[in-house]
Protein chains: 2
Amino acid sequence: MIKIEPPRLRAASDVPGGRRKQRVSMADVARLAGVSSQTVSRVANGLPGVVETTREQVLAAMSQLGYRPNSAARSLRYGRFNTIGVILFGLSSTGNSRTVEAIATHAAAEGYAITLIPVGVPTQDNVMGAFTRMGELAVDGVILIIEVHLLDATAVALPPGVHVVVVDSDAGDRYPVVDTDQADGTRQAVRHLLDLGHRTVWHVAGPAESFAAERRAGAWRQVLEQAGRPVPPLERGDWSADSGYHAGLRLAADPACTAIFAANDQMALGVLRALHESGRRVPADVSVAGFDDIADAASYLPPLTTVHQDFAEVGRRCVEALLRQIHAEPAGPGTDLVPTRLVTRASTAPPPA
Amino acid sequence: MIKIEPPRLRAASDVPGGRRKQRVSMADVARLAGVSSQTVSRVANGLPGVVETTREQVLAAMSQLGYRPNSAARSLRYGRFNTIGVILFGLSSTGNSRTVEAIATHAAAEGYAITLIPVGVPTQDNVMGAFTRMGELAVDGVILIIEVHLLDATAVALPPGVHVVVVDSDAGDRYPVVDTDQADGTRQAVRHLLDLGHRTVWHVAGPAESFAAERRAGAWRQVLEQAGRPVPPLERGDWSADSGYHAGLRLAADPACTAIFAANDQMALGVLRALHESGRRVPADVSVAGFDDIADAASYLPPLTTVHQDFAEVGRRCVEALLRQIHAEPAGPGTDLVPTRLVTRASTAPPPA
DNA sequence: GGCAGCCATGTTTACGTAAACATGGCGCTC
DNA sequence: GAGCGCCATGTTTACGTAAACATGGCTGCC
């Protein structure tokens, strides 16, 4: 049973310091400064029409009382909250956490706080529930970091009228999307391996449910086909190093396999381990490339050639796109692609003679 | 210049679908259901005193209009928000992001949303600014994931009257603290190495500003001293694999060094690389242990012996401790330690004969 | 049968802010 | 010098919710 607070006492006639400090409102400041609360409001919001001496009195009263504006009241008044909601599947992946960090940083710089709702199991119901909660919280907009095609199972779309930006998804035809240029990054990596002289490139893909994984796999296939190379059977992992390890063990057993493109760095780490344990040297016998360029990749054995992804920029553009929607014209759907760049390290080399 | 919205039109007499949907309030629902808004409130909050037929009418009206409670108004009324603020230095470290994820998950389960404010540079000013912002947002409590001793430079403490829980800090004498049992985890790792027969253990510490790093280094030193072993000079990194690599290069040059305890897994990764490049085998020549047990550690070359840290549990306890404060008696200071456990893998072995 | 009491429901009010409107005094203009 | 207008400031109101209080009809008891 939750204890109900006793009725609030009017002023701070309470035992000071003993009980909870009474919240200071504009009216309290106004009383102390001898002005109306409206004048306090004007001072608080930097509006004109307050003479300098009055303003100083008000400011003095504010700091004396420790006044803080109450955003609940302000939000009720304005109908908005200066808050951006972020709905995401999980923070465990490096990419997500760095994107969220960038979102939070840029949002803060624009005066917005961010509210996070993680969705453990990304079902339609759970995502809609998160949206409902966001609606209750009166966020000004929502950034969705979830594979939106998970939502396609039913006819229900995202709530209309809510400003939304989607990350890492193919929903570009329905919502504004910000995403890393998965296809171009993949092309750079695969072409790099072909240019080194490899006949073809094997691929350890991410899970089929992931659009990023599918786009990387699709681009990999396309590059090979356009170059007239054979397309080896796909290996699939779940983004984890361990899944990369098992895929790597299978690939290591195939002597024809001299170049592997893993869909992320962690799976590449597992591939490196599998190759090592199978006695195949990297890059002398087999070349390995990854995707993401996480900080650790430069310290793998050997340091990993990988596609650098600019998570911070993705986050920044999300916030910008959302604020543009909030402040002005409703942005239409479309995809904003953040470029990638190949970072060449020691894990790739020409194939063995 | 921000465009000011034209005055709101009363009902949805607006072009439907064209303009922004008018927010549905209790009054709208009440009107449709033919009851008072107070009755709607009672239904919305599951309070007794509403007859079944009336309740059904209200529920029907709610779903017909798509009513959502407005948390701004509710917060204004209640004086609280059902929101927990999290102030943190960065999400980039594995530990932080997983802790935040656990916090968000458990908070959500308790009906709380979380609001995130990252503090890029953890100065006193910035942290106080974040607290001010949290105050404005009327969060019910704050979880601080920042080395609190950074705040000790000045006399200013955290704002009084705000419920707060601190993670990963030595502020246990002033605030409730939840933390991994750094000392015990370190003891397990160092003793494991000594038990294997190593004469002593070298240490690659984290940055001196970090209390976690200091506590791990302190425990390392203590175990060695209690065992009567020599205490080798400390190597310091900044948590990154790259810094571990450079420390590792220095240690690899010392033939006496047969066992290394790195303060986190990523620095251990760098150490592994340095040893490899220096031609020293792991674990045949040198044993390496880490701290954190991040997912990748099992795929390092060789798989890393490390101290498992339960970030999810830390997050859970933070939320619990904070909610306890919010709902009931103000919890005093004190430290809640989450146990750790050593995970033995292939990177540790007896010293060379 | 009359009245007390209870239950379902309605009415009033307060939460803190800020827009819209009101007021009053002073200076400037003709 | 009288009136107009502007500027600083005050007053009213609305935002959506829910506690507190009010009402009115019905039941049950003596």
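All figures in this text were calculated on a predicted structure; none of them were measured in a lab. (Residues numbered from 1 in each chain as written. Chains lettered and ligands numbered in written order. Predicted model: local features only at pLDDT ≥ 70, side-chain atom pairs only at ≥ 80, totals over all residues. Heavy atoms only, no water.)

Chemist: Explain the overall build of chain A to me, please; I cannot follow it from the model alone.
Modeler: When helices and strands are tallied, chain A shows 11 helices and 12 strands. A total of 353 residues make up chain A; the buried ones form 52% of that total. A sequence separation of at least 24 residues applies to 70% of the contacts in chain A between residues at least 6 apart. Carbon and sulfur atoms make up 54% of the accessible area of chain A, which amounts to about 15,500 Å² in all. (Helix = DSSP H or I, 4+ residues; strand = E, 2+ residues; numbered from the N terminus. Buried < 20%, exposed > 50% of the residue type's maximum accessible area, 1.4 Å probe, protein only. Contact = heavy atoms within 4.5 Å. Areas by Shrake-Rupley, 256 points an atom, 1.4 Å probe, with all protein chains shown as cover.)

Chemist: I tried to follow the confidence of the model for chain A on my own but got confused; where do I start?
Modeler: Should the pLDDT be low somewhere, the predicted coordinates at that spot are not to be read in detail. In this model, chain A carries a mean pLDDT of 85, and residues with pLDDT of at least 70 account for 88%. Per-residue pLDDT stays below 50 along residues 1-21 of chain A; that stretch engages in 11 contacts with residues further than four places along the chain or on separate chains. (pLDDT = per-residue confidence, 0-100.)

Chemist: Could you clarify how one ought to interpret the packing of aromatic side chains in this entry?
Modeler: Residue and element names in this part refer to chain B. According to the stated counting rule, one finds 2 aromatic pairs over all chains in the structure shown. Between Phe261 and Phe291 the ring centres are 6.4 Å apart and the planes differ by 55°, which places this aromatic pair in the tilted class. Highlighted residues: Phe261 in strand β8 (residues 259-262) and Phe291 in strand β9 (residues 287-292), separated in sequence by 30 residues. Given the relative accessible area of 0%, Phe261 is considered buried. A cation over a ring is seen here: Arg216 above Phe291, with NZ or CZ 3.8 Å from the ring centre. (Phe/Tyr/Trp six-rings, centres within 6.5 Å; stacked < 30°, edge-to-face > 60°. Lys NZ or Arg CZ within 6 Å of the ring centre and 35° of its normal.)

Chemist: What should I look at first to understand the sheet that holds strand β3 (residues 141-145) of chain A in this one?
Modeler: Sheet strands pair by backbone hydrogen bonding; their relative direction is either parallel or antiparallel. One open sheet accounts for 12 strands, arranged β11(A)-β5(A)-β4(A)-β3(A)-β1(A)-β2(A)-β2(B)-β1(B)-β3(B)-β4(B)-β5(B)-β11(B); its pairing is mixed. Taken across any chain shown, the strands that pair with only one partner, and hence form the sheet edges, are β11 (334-338) of chain A together with β11 (334-338) of chain B. Pairwise comparison of adjacent strand axes, ignoring direction, gives a mean angle of 25° for this sheet. In this structure, strand β1 (residues 83-88) of chain B lies alongside strand β3 (residues 141-145) of chain B, joined through 5 bridges in parallel fashion. Of the residues in β3 of chain B, the one forming a bridge with Gly85 of chain B is Val142 of chain B. (Pairing = 2+ DSSP bridges. Axes fitted to C-alpha atoms, helices over the stretch in contact; angles between N-to-C directions.)

Chemist: Any chance you could explain the environment of Val43 of chain B here in plain terms?
Modeler: Residues and elements named next belong to chain B. Relative to the assigned elements, Val43 resides in helix α2 (residues 37-44). When the C-alpha atoms of Val43 and Val58 are compared, they prove to be 7.3 Å apart, with 15 residues separating the residues in sequence. Setting aside residues up to four positions removed in sequence, Val43 forms contacts with Val50, Arg55, Val58, Leu59 and Met62.

Chemist: Help me understand the relation of the copies chain B and chain A, please; the structure alone is not making it clear to me.
Modeler: Note on the chain copies: they are related by a rotation about an axis and a translation along it. Rotating chain B by 180° and moving it 0.0 Å along the rotation axis overlays it on chain A with an RMSD of 0.1 Å. These values place the two chain copies in the arrangement generated by a two-fold rotation axis. A high fraction, 98%, of the interface residues of chain B reappear at the interface in chain A, so the copies pair face to face through one surface. (Least-squares fit on C-alpha atoms with pLDDT ≥ 70 in both.)

Chemist: Looking at this structure, I do not really get unusual backbone geometry. What am I missing?
Modeler: Outside of glycine, negative phi angles account for most residues, and trans bonds account for most peptide bonds. With omega at 5°, the peptide bond leading from Val282 of chain B into Pro283 of chain B counts as cis. Cis geometry marks the peptide bond from Leu301 of chain B to Pro302 of chain B, where omega comes out at -10°. On the secondary structure map, Pro302 of chain B appears in the loop between β9 and β10 (305-308). For Trp239 of chain A, which is not glycine, the phi torsion reads 85° and is therefore positive. Tracing the backbone shows Trp239 of chain A in the loop between β7 (235-236) and α9 (241-252). Residue classification places Trp239 of chain A among the partly exposed residues on the basis of a relative accessible area of 23%. Positive phi outside glycine occurs at Asp293 of chain A, with the angle close to 60°. Looking at the secondary structure, you find Asp293 of chain A in the loop between β9 (287-292) and β10 (305-308).

Chemist: Whenever I open this one, the interface of chain B and chain A confuses me. Can you help?
Modeler: How large an interface is tends to be reported as the accessible area lost when its parts come together. With 55 residues of chain B at the interface, the matching set in chain A holds 55 residues. The largest share of the area that chain B buries against chain A comes from Arg68, Ser299 and Leu301 of chain B, three residues that together contribute 13% of it. Here chain B is connected to chain A by 0 salt bridges. At the junction of chain B with chain A, the criterion picks out 9 residue pairs in polar contact (both at pLDDT 80 or more). Elements represented by at least two residues in the side of chain B that touches chain A include exactly α4 (71-78), α5 (94-109), β2 (113-118), α6 (124-136), α9 (241-252) and α10 (265-277) of chain B. Per-class residue counts for the side of chain B that touches chain A are 25 nonpolar, 20 polar and 10 charged. Relative to β2 of chain B, strand β2 (residues 113-118) of chain A is paired through 3 bridges, and the arrangement is antiparallel. From the neighbouring strand, Leu116 of chain A faces β2 of chain B, where its bridge partner is Ile114 of chain B. (Buried area = accessible area lost by both parts, 1.4 Å probe. Salt bridge = Lys/Arg side-chain N within 4 Å of Asp/Glu carboxyl O. Polar contact = N/O pair within 3.5 Å; in protein donor to acceptor, adjacent residues only side chain to side chain. Nonpolar A, V, L, I, M, F, W, Y, C, P; charged D, E, K, R; others polar.)

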